[in-house]
Structures are given as C-alpha cells and as structure tokens.
Amino acid sequence: MVNTKLPLDALLRRRLVFVSGKGGVGKTTVSLALGLIAAQRGKKTLIAEINSEEQIAHLLEHSPIGYEETELVAGLKGLWGINIEPKRSFEEYVLLQIKFRQLYKAVFQNKYVRHFIDATPGLADLMCIGKIYSLVDAYDLVIVDAPATGHGIALLEISSIVANAVRVGPLRTEADKIDQLLHDPVRTQVVLVTLPEEMPVTEAVEMNQSLQERLKVPMGPVFLNQFHTDSFTASEKKELQKLTQKPSRPGLSKIVELQLTRSELSREYLQRLKEEIPDRPILTVPFIFSPHFGLSELETMAGVMENQGERP
Amino acid sequence: MSVTTGLQRVIKDKRIIVCSGSGGVGKTTAAAAIALEAAQRGRKAIVLTIDPARRLATAMGLDTLGDTPKEIPLPGARGRLFAMMLDTKRTFDRLIERHIADPEKRASIFNNRLYQHMSSMIAGSQEYMAMEKLHELYREGDYDLLVLDTPPTRHALDFLDAPRKMVNITGNSLLEWFLKPGLFTGRASRIGLGVIQKGAEKILSVFDRLAGFSFLHELSEMLSLLGHMMGGFHERAQAVSELLHENFVGFLLVTSPSSVAIQDALYFYERIADEKLPFVGFIVNRVHEAGRASAEDVPQNLSNALRLKLIDQVRNYEQLAQRDQKAVSLLKRMGGKAPVYVTIPLFAGDVHDLDGLRRMNEFLFA
C-alpha cells in the first residue's frame with residue numbers, strides 16, 4: 001500500500017521546492033497552500049514569485065510585495081513572500097562583487113552596457129536563480145512559484161549552461177554552487193502542478209520527462225489540482241440516470257451531468273498520470289466551490305492536502 | 001434576413017483575427033471555431049495555431065503534419081477551412097539555415113548549448129516568428145480570413161517589443177567594440193584601445209572580474225551571429241507592426257471567468273490599448289450560468305442521501321455561477337465599451353471535434 005502522506009512530508013523536509021507547470025494550472029495557489037502547511041508546522045517559509053504581476057498579493061488581498069521579503073499573513077508567523085525582479089537581483093549581485101556603488105553606477109548606468117545586458121538572454125534567469133540561492137540559508141524552506149513550462153525549465157537550466165560556458169571567475173563559481181543546490185536531492189525537489197484536462201496533463205508528462213532526463217533535477221510529487229471527487233455511489237448513479245433523462249428539469253440535469261463528467265475526467269486523468277509518470281506520487285488537490293478564492297479557501301485546500309494520506 | 005452583429009460582423013469584415021489570452025482558457029478552440037464559422041458562411045479561412053490539444057489536432061488533421069496548411073473537408077459549407085500548425089522553433093532554425101551557408105558552422109551553432117538557450121530565450125522571438133508567418137500568409141493572399149491563435153503566455157504580446165530589442169543587439173556599439181579583433185586575448189591588445197576613453201577601460205575590467213574575457217568573447221560572438229541572422233529584421237518587424245495596425249485586423253481576447261485569467265485578460269487589454277491595436281472584444285469561455293436550478297428542483301422521491309448530495313451540488317454550482325457573474329461584470333467595467341462581449345457556458349467535456357466547435361459557435365454567433 002502506498003502511504004500518500006509521506007510524499008508531502010518528504011517534500012516539506014527540503015530547503016528548496018520548485019513549483020512548476022503549464023500556465024493557468026494553479027501553481028500560485030499550490031505554492032501558497034504548501035507554504036501554509038509548512039508555516040503551520042513551524043517552518044520559516046518563503047514563497048518566491050519571479051517577476052510576477054503580484055499574484056500572491058492579489059490572492060491574499062495584501063499590498064504589493066515587491067523585492068523586499070514581507071510577512072504575508074497577519075497572525076500566521078513564519079510565512080514570507082518576495083517578488084524577485086531580475087534587474088534588482090543583477091544590481092545586488094554586481095554590487096556584491098565589485099563592492100563600490102560609484103563604480104557600479106559608472107559602469108551599469110552606461111546606456112550601451114544596459115543594452116548589452118538587456119540583450120543577453122539568460123542573464124535575467126541567472127540573476128533570479130542566484131537570488132533564490134542566496135535566500136535559502138535564511139529560511140527553513142523556500143518555495144518558488146516558478147514561471148510556466150519553458151521559462152520554468154530555463155530557470156533551472158541556466159546555471160549549468162553558464163557553468164559549462166564560463167571557465168573561471170566569480171560567475172563560474174556562483175553558477176557551480178547554484179547547480180549543486182539544484183541537483184541535491186537532500187535540499188531540493190521540483191514538483192509539477194497540473195489539471196484533470198488534456199493539455200495540462202500532456203504538458204506535465206512532457207515536462208516531467210525533460211526535467212528528469214535532460215536536467216536531471218530531483219523530482220517530487222505531482223499535484224493534480226482542481227480534482228473533482230466522485231460523490232455518488234453506483235446505485236445513486238442509476239437513480240441519477242433516470243433523473244437526467246427526464247426533460248422536466250433541464251437545469252438540474254445539466255448540473256448533474258457536468259458534475260458526473262468532471263469527476264469522471266478527474267479519475268481518467270489521474271489514471272493517465274499514474275501510468276505515464278509511474279515513479280512519482282500523484283497527489284490530488286480538491287476543486288474548491290466558492291464564489292471567491294482567498295485565504296480561507298487556501299486554508300481549506302491546505303487542510304485537505306495535509307489529511308490526504310491519513311488513511312488507516 | 002437576420003441582422004449581422006458582433007462576431008458575425010467581425011468575421012465578415014476582417015481579414016485577420018488575432019486571439020490572445022492566458023493558458024487554459026480555450027483560446028485555440030475559440031480560434032478554430034471562428035475560422036469554421038467563417039468557412040461555413042462562404043469565406044476561405046485558415047486557423048494558425050501554436051500547440052493544439054492532441055484530440056483537437058487529430059480532428060483537424062494536424063497531428064501528422066508539419067507546418068503547411070491543410071484543408072479540413074466541410075461537406076455542404078459555402079467556403080473552405082484550412083488549418084496550420086505553427087512550429088515556431090523550426091521557423092527559428094530555418095532562419096539560421098537561410099543565413100549561415102557553411103554547413104559545418106551551422107551544425108556547430110545548433111549544437112551549442114549557449115546558443116540553444118539563447119535562441120529560445122530571446123524575448124518575444126517565438127511570438128515574433130508567429131507574426132512573421134502571419135504576415136507572409138497575408139502577403140501571399142490565398143485566404144480571405146486568417147485567424148491566429150497566439151502562444152498561451154503573458155509574453156504573447158512581447159513581439160511588439162521584439163523590433164526594439166533586436167535593434168539593441170544589432171545596433172549595439174558596445175558589441176562592435178567588444179568584437180574588435182584580439183580585444184579579449186590579453187592586456188597587450190587592450191592597449192590598442194587607446195582612443196577609447198578611460199571609462200571604457202573600467203567597464204572592461206569590471207566585466208573581466210565578473211565573467212572572464214573568454215566567456216564575454218564567446219557571448220559577443222553569439223550576439224553578433226544573431227545580429228547577422230536578423231539582417232533586415234527591423235524592416236520586416238516594421239511591416240508586421242504596420243499590418244497589425246490595419247483596420248481589417250481585429251484582436252480578440254479569450255478568457256475564462258477565473259480571477260487569474262481575468263487579470264491576464266485585462267493586462268492584455270491594456271497592452272492592446274497602449275499599442276493602439278484594433279481591438280474587437282472579449283470572449284468569456286467556460287461560464288457557469290446562474291439560475292439553472294434551485295434546491296426545489298431536486299425531486300422529493302429520491303433517497304435522502306442522494307437528495308442531500310444533489311442539493312449540495314446545486315448550491316456548489318450556484319456559487320460558481322455567482323463567481324463567474326462577478327468576473328464578467330468586472331471585465332465589462334474595466335474593459336470599456338468593446339464591440340463584442342460573448343460568453344460561452346461551460347461544457348461537460350473537452351471540445352475536441354468539429355461538432356464541439358459547432359456547439360461553441362451557437363454561442364459565439366448567437
């Protein structure tokens with residue numbers, strides 16, 4: 001028997017968790033739910049967004065978080081957030097290396113240098129991942145709400161590319177250290193979020209493959225978000241079939257049909273994930289029925305995620 | 001005769017429709033449905049899509065084909081429907097093939113990891129490639145209507161910045177300066193820079209301390225190669241941009257009622273407005289419709305457990321209907337007076353064939 005509680009415990013014992021997946025699958029909500037669970041367990045936890053439009057602030061009805069680490073929830077100690085801007089990270093990194101702000105200004109406020117830096121692909125990613133690296137020591141757990149698919153992979157890959165391309169110097173030293181952290185299964189896990197729909201599942205399977213085979217980063221569980229549990233027994237379903245055939249209540253029939261299809265699709269795609277990503281635990285995250293999605297819905301979500309494995 | 005309104009007018013009057021929006025909102029499906037309707041009404045339409053869901057691709061005959069237009073037979077339709085998959089990565093590789101004649105050099109470029117990373121990461125390049133293809137098809141003039149499905153990211157409109165960014169690479173005098181032969185090989189050659197002011201020396205020494213000259217040299221060679229490859233880029237980018245501003249183009253924003261998707265749609269809306277692109281409206285997909293049923297609709301003669309479950313489901317549904325209604329009114333409030341506001345209800349399953357697209361069109365063209 002598979003104990004599904006273990007994967008979550010194992011995940012939260014890391015120092016760095018990358019939450020990745022296709023756009024629109026709920027990476028931010030899953031990151032936050034994991035953050036809530038970790039903080040409630042007494043871990044000082046940081047949730048890092050990358051150059052985002054302040055999604056976390058929006059969800060929590062918080063003022064914009066920005067580049068300074070900020071406590072996210074009043075009354076809940078230990079849950080912090082940051083929105084990492086590559087430009088700020090770059091400045092921070094260079095200042096750390098050359099130590100003189102005057103020199104920094106002289107060099108990096110030069111128009112041509114700015115253009116060169118803007119035009120250098122991968123530099124922004126390297127600076128973001130470098131910033132994340134520098135934050136890991138100050139927290140028990142850093143959860144990165146990573147950019148969608150391709151860009152998320154680029155973020156995990158840039159340090160090894162630089163380590164290969166640069167022979168010596170501080171940039172190389174930095175890249176090596178980051179790369180070691182990203183490939184250390186004791187400290188790091190990458191998790192995928194997906195939905196019980198065709199495209200997100202296909203993309204999760206493909207992404208799992210490139211992360212595992214090409215990037216060789218340590219993988220954690222897959223979260224199947226917005227999962228609809230089947231709430232009807234077999235005999236109830238028979239009763240329902242009769243009901244949906246009656247044209248007298250078309251509205252009700254539609255709602256029932258919708259719910260049945262959704263729970264069936266949830267089950268189908270869970271099965272497909274289990275088959276196509278057989279070596280990873282698949283954890284389901286419930287669909288939350290609510291006219292509003294905020295902190296209390298996140299807490300409900302976190303509660304279900306935590307208790308998922310507590311079966312006899 | 002019915003009056004042509006909303007989207008009916010759009011598919012009749014426009015020659016290019018661009019569908020934008022965040023991922024997972026049904027953008028590809030909406031683009032395909034619009035092209036289908038235009039074909040049904042007598043136009044020769046083509047839908048250009050980036051990455052369709054597998055089953056929809058199969059239904060449209062795109063699963064086996066590369067990036068060439070493919071006709072989808074529509075018995076009884078007055079017009080014709082074509083579909084084409086845009087493989088933006090291949091377009092990029094082809095650009096290299098076109099510009100680098102030496103096969104050995106080409107191979108070394110394709111195999112260079114730094115290059116691979118760079119080519120996929122140049123902001124907006126993939127999006128730009130899609131636009132360039134659109135422009136090419138438009139110029140060839142084989143179709144009455146082109147419907148483009150843009151990539152599912154917030155970066156989807158970055159192609160608008162691509163010309164500016166590329167100019168930064170190609171017209172970068174720092175780069176030229178970096179590329180002076182022998183600059184990176186040692187101190188001796190730097191003496192040759194005597195004409196350049198002291199500040200430049202300083203810049204070089206900072207770069208050296210950070211990354212080392214050999215890496216910088218490699219990097220600038222890569223950038224120069226890209227610059228070379230992008231020859232004529234600025235002119236083409238200009239032409240694409242001009243095309244997109246024509247009044248026979250229409251930008252549609254597709255969204256779902258989830259708050260994240262609505263935020264994204266409003267962000268796109270702002271970008272479109274800032275760039276003064278011809279905007280035609282919003283499509284809100286997957287909407288839970290209010291007032292479908294109430295607890296009283298649940299029959300009395302069912303077992304108690306089932307009745308309670310059903311009442312629960314009706315309530316759950318109503319909650320989502322409320323949420324969706326709020327989202328749509330937020331969009332209407334923030335999105336100004338767009339000519340088109342269409343909502344499509346949430347269907348029970350995925351839309352993955354022509355019948356599914358037709359069902360969507362009952363709402364899109366109601």
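Because the structure is predicted, anything quoted here is derived from the model rather than measured. Within each chain, residue numbers correspond to sequence positions counted from 1 in written order. Chains and ligands are labelled sequentially in the order written, the chains with letters from A and the ligands with numbers from 1. Restriction of local features to residues with pLDDT of at least 70 applies here, the model being predicted, together with a cutoff of 80 or more for giving and counting side-chain atom pairs; totals for whole chains, interfaces and linings are based on all residues. No hydrogens and no water enter the side-chain calculation; it runs on all heavy atoms of the structure.

Quick notes on the pairing of strand 4 (residues 79-84) of chain A
All names here are of chain A. Burial classes follow relative accessibility: with a 1.4 Å probe on protein chains only, a residue under 20% of its type's maximum area counts as buried, one over 50% as exposed, and anything between as partly exposed. We count a stretch as a helix when DSSP gives it H or I for four or more residues in a row; a strand needs E for two or more, and each element gets its number in order from the N terminus. The element strand 4 is largely enclosed, with a buried count of 5 among its 6 residues. Any two strands are treated as partners once DSSP identifies two or more bridges connecting them. As judged from the 6 bridges shared by strand 2 (residues 45-50) and strand 4, these two strands associate in the parallel manner. Bridge pairing in strand 4 places Glu-49 opposite Asn-83. As judged from the 2 bridges shared by strand 3 (residues 70-71) and strand 4, these two strands associate in the antiparallel manner. Paired with Glu-71 across the bridge in strand 4 is Trp-80.

Considering the confidence of the model for chain B
Residue and element names in this part refer to chain B. Note on scores: pLDDT gives the predictor's confidence for each residue, bounded by 0 and 100. For chain B, per-residue confidence averages 77 on the pLDDT scale, and 66% of positions sit at 70 or higher. Overall, residues 179-197 carries pLDDT values under 50, and its contacts beyond four positions in sequence, including any with other chains, amount to 22 contacts. Complex prediction metrics read pTM 0.85 and ipTM 0.79. Residues count as neighbours in contact if any of their non-hydrogen atoms are within 4.5 Å of one another.

Examining helix 8 (residues 149-165) of chain A
Residue and element names in this part refer to chain A. Expected helix span is computed as 1.5 Å times (number of residues minus one). Taking 1.5 Å of rise per residue, the 17 residues of helix 8 would be expected to cover 24 Å, and the 24 Å separating its terminal C-alpha atoms lies within 8% of that figure. Two axes define the bend at a residue: one fitted to the seven residues ending there, one fitted to the seven starting there, and the bend is the angle between them. At Glu-157, helix 8 is deflected by roughly 40°, the largest bend along its length. Most of helix 8 is tucked away, with 14 of its 17 residues classed as buried.

What to know about the sheet that holds strand 1 (residues 16-20) of chain A
Residues and elements named next belong to chain A. Sheet architecture is open: 8 strands sit in the order 3-4-2-5-1-6-7-8, paired in mixed fashion. Whereas interior strands pair on both sides, the edge strands pair on one side only; in this sheet they are strand 3 and strand 8 (282-286). Under this scheme, a helix contributes an axis fitted over its contacting stretch, all axes are lines through C-alpha atoms, and angles between N-to-C directions fall in the 0 to 180 degree range. The strands that helix 2 (residues 27-40) touches are strand 1, strand 2, strand 4, strand 5 (141-145), strand 6 (188-194) and strand 7 (219-227); relative to strand 5, the one it contacts most, it runs at about 170°.

Some thoughts on the sheet that holds strand 5 (residues 145-149) of chain B
What links the strands of a sheet is backbone hydrogen bonding, and the strands pair in either a parallel or an antiparallel sense. All names here are of chain B. Ordered in space as 3-4-2-5-1-6-7-8, the 8 strands form an open sheet in which the pairing is mixed. For this open sheet the edge positions go to strand 3 (70-72) and strand 8 (340-345), each flanked by a neighbour on one side alone. Strand-to-strand, the axes of this sheet are offset by a mean angle of 20°, without reference to chain direction. Sheet topology places strand 6 (residues 249-255) next to strand 7 (residues 279-287); 5 bridges connect them, and they run parallel. Each residue of the ladder has a partner; that of Leu-252, found in strand 7, is Gly-281.

Considerations on helix 2 (residues 27-40) of chain B
Residue and element names in this part refer to chain B. Taking 1.5 Å of rise per residue, 14 residues should cover 20 Å, and helix 2 covers 20 Å from first to last C-alpha, within 8% of that figure. In terms of residue burial, helix 2 counts as a mostly covered element, since 13 of its 14 residues are buried. Gly-42 sits one or two residues past helix 2 and shows a positive phi near 105°.

Considering the packing of aromatic side chains
Paired rings are identified among Phe, Tyr and Trp, the last through its six-membered ring, by centres lying within 6.5 Å, and are further divided according to the angle between planes into stacked (under 30 degrees), edge-to-face (over 60) and tilted (the rest). Summed over all chains, the structure comprises 9 aromatic pairs over all chains. Ring geometry for B:Tyr269 and B:Phe282: centres 5.6 Å apart, planes at 40°, overall tilted. Taken as a pair, B:Tyr269 in helix 14 (residues 259-274) and B:Phe282 in strand 7 lie far apart in primary sequence, 13 residues in all. According to the relative accessible area criterion, B:Phe282 is buried, its value standing at 0%. Where B:Phe347 meets B:Phe363, the ring centres are 6.0 Å apart and the plane angle is 50°; that geometry is what we call tilted. Separated by 16 residues along the polypeptide, B:Phe347 in the loop between strand 8 and helix 16 (354-364) and B:Phe363 in helix 16 bring together distant segments of the chain. B:Phe347 sits in the buried class, given a relative accessible area of 12%. By the ring-pair criterion, three or more aromatic residues cluster together here, those being B:Tyr269, B:Phe279, B:Phe282 and B:Tyr341. Throughout this description, the term charge over a ring refers to an Arg CZ or Lys NZ atom that lies within 6 Å of the ring centre and within 35 degrees of the ring normal. Directly above the aromatic system of A:Trp80 lies the positively charged group of A:Lys44, at a separation of 5.4 Å from the ring centroid.

Looking at the pattern of salt bridges
Residues and elements named next belong to chain A. A pair is scored as a salt bridge if a Lys or Arg side-chain nitrogen falls within 4 Å of a carboxyl oxygen belonging to Asp or Glu. Counted under the stated rule, the structure contains 18 salt bridges over all chains. For Glu-92, the salt bridge goes to Lys-131, with nearest N and O atoms at 3.2 Å. A residue pair is termed long-range when its members are at least 10 positions apart, and Glu-92 in helix 4 (residues 86-98) and Lys-131 in helix 7 (residues 123-136) qualify at 39 residues. For Glu-92, a relative accessible area of 39% gives the class partly exposed. Lys-131 sits in the buried class, given a relative accessible area of 9%.

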